[in-house]
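Close look at the chain arrangement
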Amino acid sequence: MAIHPLSPLTVAEIEQGAALVAAQLGEQATFSAVNLVEPKKAEVLGYTPGDAVVRQLRFVGYDYPEEGQRDGGFEGIVNLQTEAVVINRIETGQAAIGLADFVAAVTITKADAGWQEAMRARGVTDFDLVQIDPWPTGGYQHPSIPEGHRVHRAISFVKEDPTDNAYARPVQGLIAHVDITAGKVAYLEDHGVVPLPTQSGRYDAASQPEFRDSLRPIDITQPEGASFQVDGHAVQWEGFNFRVSIHPTNGLVLHQLSYQDGDENRSILYRAALSEMVVPYGDTDPMHNWKHVFDAGEANIGSLTNSLTLGCDCLGEIHYFDHNVVNWNGTARTIENAICMHEEDYGILWKHHDSLTQSTEVRRSRRLVVSAVHTVGNYEYGFFWYLYLDGTIQMEVKLTGIIGVSAVADGDERPDVAPLVAPNVTSPIHQHLFCFRLDFNIDGTNNSVYEVEAEPLPIAEDNPQGTAFRAKSTLLESEQQAQRDCYPQRSRYWKVVNPERKNGLGKAVAWKLLPSATPTLLAHEDSIIAKRAGFARHNLWVTKFEEGAFNAAGDYPNLLNSGGEGLPKWAEQNRNLEAEDVVVWHTTGVTHMPRPEDWPVMPVEYCGFSLMPVGFFDRNPTLDVPPSKACAKD
Ligand code: CO
C-alpha cells in the first residue's frame, strides 16, 4: 500500500518523531498529542501516485520549564525525512490537557490537607472511593495563580465501591483550584456542606434487577459482502471517493471527498471535520457558572477515541480503521477499531404508484456510515458521517454518557436553571455547540456562497390574494457579511456554488448546507465565554481559505483566558469571498434542559446538518438503482 500525503501516522512514524523531538527537550517532557502536518492543499491536489511524500509531524506536550518561565507547553514539528526538528514554545494559550496533566491534578488534589478536611466534613474518609474530575478553567483562572501556570479546577464525586457510578454522589460546593506548575492546590473554594445524595446511579448490566425478555433478535447480514472498496484509508462507495482519518483536535476527518460522475471524478469537499466545540453552562451555581469546556481544543477529543466492538457499537458488515496516538512518554499506542464503516438500509429512497396503469416503482435507500465515538470525562460524543445514494452527505452528532450534576438539599432545587433528575440530584442547563469546518471544493477550488430563504411577497397586482413567496438569494460577498444565523421560519439555507461550472440546464453547479433548527451561544456577548468561543455566536461563517487555519478558537484554546483567536480574528480581515477558495464554518448543537430520563445515563440526543447537491447532477442520480429482489418483476 503506497503512502499518500494524507495517510495517517504509523506507530513507527510516531515513535521515530517522538524520539527526535524528545532529544531536543529535557527529561521531563511529556506528550499530549501528535498529528500529521497536512501538506499544503495545492501539493495534495497536485499529488500523483509515485511522487515523493514529505512526512511532517506535530507533537504537543509539556516540558516543565525553569521556574518563572511560562508553562504553556511546546509544539515540536519534525520532518521524518530530514530529521529536522523545530521546537516552538506555546505563548498564546497552552497545550491541550494530556493524561499526565490529568493524573497530576488528581494526585495533587487528593494529597491536599485542606481538601481532605473538607471531605471529612462531608462524612467522606475513604479517599480511594473519591473520583476527581479535573476541568479546564480557561477564562476563570483564580487570581492567586500566576498567568502562564497550568491550572485545573478539580471537582469530586464519591463511589460506594470501586465499580460504582461516582456521578450519583457529587460533592457539592467544593472546588480545588490546582496549580499544576507549582504542584499545589492554590485555592480551595468551599461553599458549604450539602449532604451526598443516597440513591444509586448504577446503570451497568450487572446492577439491573432484571432484563425485559420481549426483544427478539435483529440480524444484519450482507451475504455477498459490503458495497465499498477500501485501500488503506481511501474509500470508494457508490460513486463517492474519500479518505478518512482522526485528528487530535478535529476528531473524525473526511478528506478529498469527490464523486465519480461518468468519466470524471468531481471534487466536492477538500476536508470536512469538527473544528471546535464548546459546552457552556447556564446555571448560576458556583459549581457550574464557569464551565465551558472546549472538548476539541482543550481536551483533544480525537485522542480520546473509543475502540469499538462489533455487535455492540456497530452492527452488520463492518470495516474498521485503527488510529495511532502518542503516549505521554513518546511511545505509540494503537486504538483498534477507532473508526467504524458500514452500510445501512435507510427505508424508501423514492416511490411512485401510477394509479392508471396500477404500476409501482420503489427503490430502497441506503447510506454509508463512517463514525467514531469519543469519551470526554462524563460525556460521550459520536460523530457520524452519512453518505446517501442520492448524493446527500449528513453529519449527525450523537450525545450520550452521563450529564453534569449537583447535589441539593431537599426543596433547594432551582428548576429553571438546574432541574431535578433524581432525588437530591440536579443537572445544570447547558449547551453543546459544535463548529464544523467544511472546506468546499465544488468542481474546483473557487466557489461562492449564497444565503437562500423563502420570502413572502406583498399583496400586489400579481399577488392579489397574498399567497406568493419566492426564493431570495443573497451572495455573501465578504467575511464580515458572512456571519449568519439559522432562520427555520424562512427555510434558510446556504448554497455553495461554482460559478464557472454549469450543469446540463446551464446553471451553476452547487451544494446546499441545510441546517437543523439549531441554537447559537446563549451567554452574553460581553461574557468571557463569548470572547473565547466567538465562533459559536453565529451558525454560519465563511472565510477565505488559509493554510493551517483549522481550529475555530485557535490552536491552543486551553487557558487562553481572553480568547480572541481563530474564526473571529480571521474574519476581521473581511476578505472577498466571491469566486474564491472559501471555507464554510457551521455551528450546530443543542440546548440541553436535562430530564429525569437523562439519568443515570443519557439516551442519545442528536444534532447535525445535511449537505445536498443542488444542480450538481442534472436529474435524480438514482434512477439506475435496481429494484430490490423482492419487488423485481419477472
Ligand atoms: Co448535555
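All chains use their own residue numbering, which begins from 1 and follows the written sequence. Local features in this predicted model are restricted to residues whose pLDDT is 70 or higher, and side-chain atom pairs enter the listing and the counts only when it is 80 or higher, whereas totals over whole chains, interfaces and linings include all residues. With hydrogens and water excluded, all non-hydrogen atoms of the structure serve as input to the side-chain values.

**Thoughts on the overall build of the chain**
In this description a helix means any DSSP run of H or I spanning at least four residues, a strand means any run of E spanning at least two, and both kinds are numbered starting from the N terminus. When helices and strands are tallied, the chain shows six helices and 31 strands. The size measure is the radius of gyration over C-alpha atoms, and the globule rule it meets is 2.2 Å times the number of residues to the 0.38 power. In summary, the chain has a C-alpha radius of gyration of 26 Å against a globular reference of 26 Å for 634 residues, a match within 12%. For the exposure calls, accessible area comes from a 1.4 Å probe over protein chains only, and a residue counts as buried if that area is under 20% of its type's maximum, exposed if over 50%, partly exposed in between. The burial tally for the chain puts 53% of its 634 residues in the buried class. Contacts between residues were defined by any pair of non-hydrogen atoms, one from each residue, lying within 4.5 Å. Long-range pairs, those at least 24 residues apart, make up 66% of the contacts in the chain with a sequence separation of at least 6. Charged side chains of the chain number 50 positive and 84 negative; the gap between the two group centres comes to 4 Å. The positive count covers Lys and Arg only, the negative count covers Asp and Glu only, and His and the chain ends enter neither. Charged groups are reduced to one reference atom each: NZ for lysine, CZ for arginine, CG for aspartic acid, CD for glutamic acid.

**Regarding the side chain of glutamate 189**
For glutamate 189, the location among the structural elements is in strand S8 (residues 184-190). Should a side-chain nitrogen of Lys or Arg be within 4 Å of a carboxyl oxygen of Asp or Glu, the pair is scored as a salt bridge. Although glutamate 189 is buried, it makes no salt bridge; arginine 153 carries the closest opposite charge, 4.2 Å away. Polar contact is defined as a pair of N or O atoms within 3.5 Å, subject to the rule that within protein one atom must be able to donate a hydrogen and the other to accept it, and that residues adjacent in sequence are counted only when both atoms are side-chain atoms. One polar contact links glutamate 189 to histidine 177, side chain to side chain, over a distance of 2.7 Å. A distance of 2.8 Å separates a polar atom in the side chain of glutamate 189 from a polar atom in the side chain of histidine 191. With residues up to four places along the chain from it excluded, the contact list for glutamate 189 reads Arg153, Gly173, Leu174, Ile175, His177 and Pro286.

**Looking at the sheet that holds strand S20 (residues 406-407)**
Should DSSP find at least two bridges between two strands, the strands are taken to pair. Strand order in the open sheet formed by three strands is S20-S22-S21, with antiparallel pairing between adjacent strands. Each having just a single partner strand, S20 and strand S21 (420-422) make up the two edges of the open sheet. Sheet topology places S20 next to strand S22 (residues 425-426); two bridges connect them, and they run antiparallel. Residue pairing across strands places alanine 407 opposite valine 425, the latter belonging to S22.

**What about the packing of helix H3 (residues 99-111) against helix H4 (residues 113-120)?**
For helices, the fitted line uses only the C-alpha atoms of the stretch in contact; every axis is such a line through C-alpha atoms, and the angle between N-to-C directions lies from 0 to 180 degrees. Relative to each other, H3 and H4 sit at 70°, their axes nearing to 5 Å. By the angle between their axes, H3 is roughly perpendicular relative to H4. Residue-level inspection shows Thr109, Lys110 and Ala111 of H3 in contact with H4, the latter providing Ala113, Trp115 and Gln116. Geometric relationships in this document are graded by angle, where less than 35 degrees denotes roughly parallel, more than 145 denotes roughly antiparallel, 65 to 115 denotes roughly perpendicular, and other angles denote oblique.

**A word on the coordination of the cobalt ion**
Only nitrogen, oxygen and sulfur atoms qualify as donors, and only when within 2.8 Å of the metal (3.2 Å in the case of Na, K and Ca); with water excluded, sites may look incomplete. Protein coordination at the cobalt ion comes from Tyr379 (OH), His430 (NE2), His432 (NE2) and His592 (ND1), with a distance range of 1.9 to 2.1 Å. Classification of the site at the cobalt ion rests on its four donor atoms, whose angles at the metal span 92 to 141°, yielding the label irregular. If you list the donors of the cobalt ion from N- to C-terminus, the spacing comes out as Y-x50-H-x1-H-x159-H. With tyrosine 379 in strand S18 (residues 379-388) and histidine 430 in strand S23 (residues 430-440), this pair connects stretches of sequence that are 51 residues apart. Accessibility classification places tyrosine 379 together with histidine 430 in one group, the buried group. Every angle between 85 and 135 degrees makes a four-donor site tetrahedral, while opposite donors more than 155 degrees apart, with all other angles between 65 and 115, make a four-donor site square planar and a six-donor site octahedral; other sites are irregular.

**Some details on the sheet that holds strand S5 (residues 130-135)**
If you trace the four strands from one edge of the open sheet to the other, you get S5-S6-S7-S8, paired in antiparallel fashion. At either margin of the open sheet sits one strand with a lone partner, and together these are S5 and S8. Taking each pair of neighbouring strands and ignoring which way they run, the sheet shows an average axis angle of 30°. Where strand S7 (residues 174-179) and S8 come together, six bridges link them in antiparallel fashion. Bridged to leucine 174 within S8 is aspartate 190. Docked against the sheet, H3 engages S5, strand S6 (151-158), S7 and S8, running at close to 125° with respect to S5.

**Observations concerning the pattern of salt bridges**
In this structure the tally under the stated criterion is 34 salt bridges. Across the pair arginine 266 and aspartate 261 runs a salt bridge, and its minimum N-O distance is 2.8 Å. Arginine 492 serves as the salt-bridge partner of glutamate 451, at 3.4 Å between the closest nitrogen and oxygen. Of this pair, glutamate 451 sits in strand S24 (residues 448-456) while arginine 492 is found in the loop between strand S26 (483-484) and strand S27 (493-502), placing the two residues 41 residues apart along the sequence. Summarising the burial analysis for this pair, glutamate 451 and arginine 492 share the class buried. Each of Glu160, Asp161, Asp164, Arg169 and Arg202 takes part in a single network of salt bridges with overlapping partners.

**What about the domain arrangement of the chain?**
All the domain ranges listed were derived from an automatic or database domain assignment. Each assigned domain of the chain is listed with its residue range as follows: domain 1 (11-89), domain 2 (99-207) and domain 3 (233-614). Using only C-alpha atoms to locate each centre, domain 1 and domain 3 end up separated by 29 Å. Accessible surface is computed with a 1.4 Å probe, and the buried area is the amount of it that two parts give up when combined, taken over both parts together. By the criterion of area lost to domain 3, the three top residues of domain 1 are Phe31, Glu38 and Lys41, representing 33% of everything that side buries. Inspection of the region where domain 1 meets domain 3 yields three salt bridges.

**Some thoughts on empty space enclosed by the protein**
Buriedness of a pocket was judged along seven lines, with at least five required to meet protein on both sides within 12 Å; pockets are open sets of points on a 1 Å grid over the protein atoms alone, cavities are sets where a 1.4 Å probe fits but cannot get out, and lining residues have an atom within 4 Å of a point. Grid points are joined across faces, edges and corners, and a volume is the space filled by probe spheres set on the points. Under the counting rule described, the total for this entry stands at six cavities of 30 Å³ or more. Here the largest cavity defines a volume of roughly 60 Å³. Lining the largest cavity, in full, are Asp133, Trp135, Ile155, Phe157, Tyr167, His288, Lys291, Asn378, Ile403, Gly404 and Val405. Of all the secondary-structure elements, those providing two or more residues to the lining of the largest cavity are S5 and S6. When residues are sorted by character, Ala, Val, Leu, Ile, Met, Phe, Trp, Tyr, Cys and Pro go into the nonpolar class, Asp, Glu, Lys and Arg into the charged class, and all the rest, Gly among them, into the polar class. Each residue belonging to the lining of the largest cavity can be placed in one class, and the counts come to six nonpolar, three polar and two charged. Both domain 2 (99-207) and domain 3 (233-614) contribute no fewer than three residues apiece to the lining of the largest cavity.

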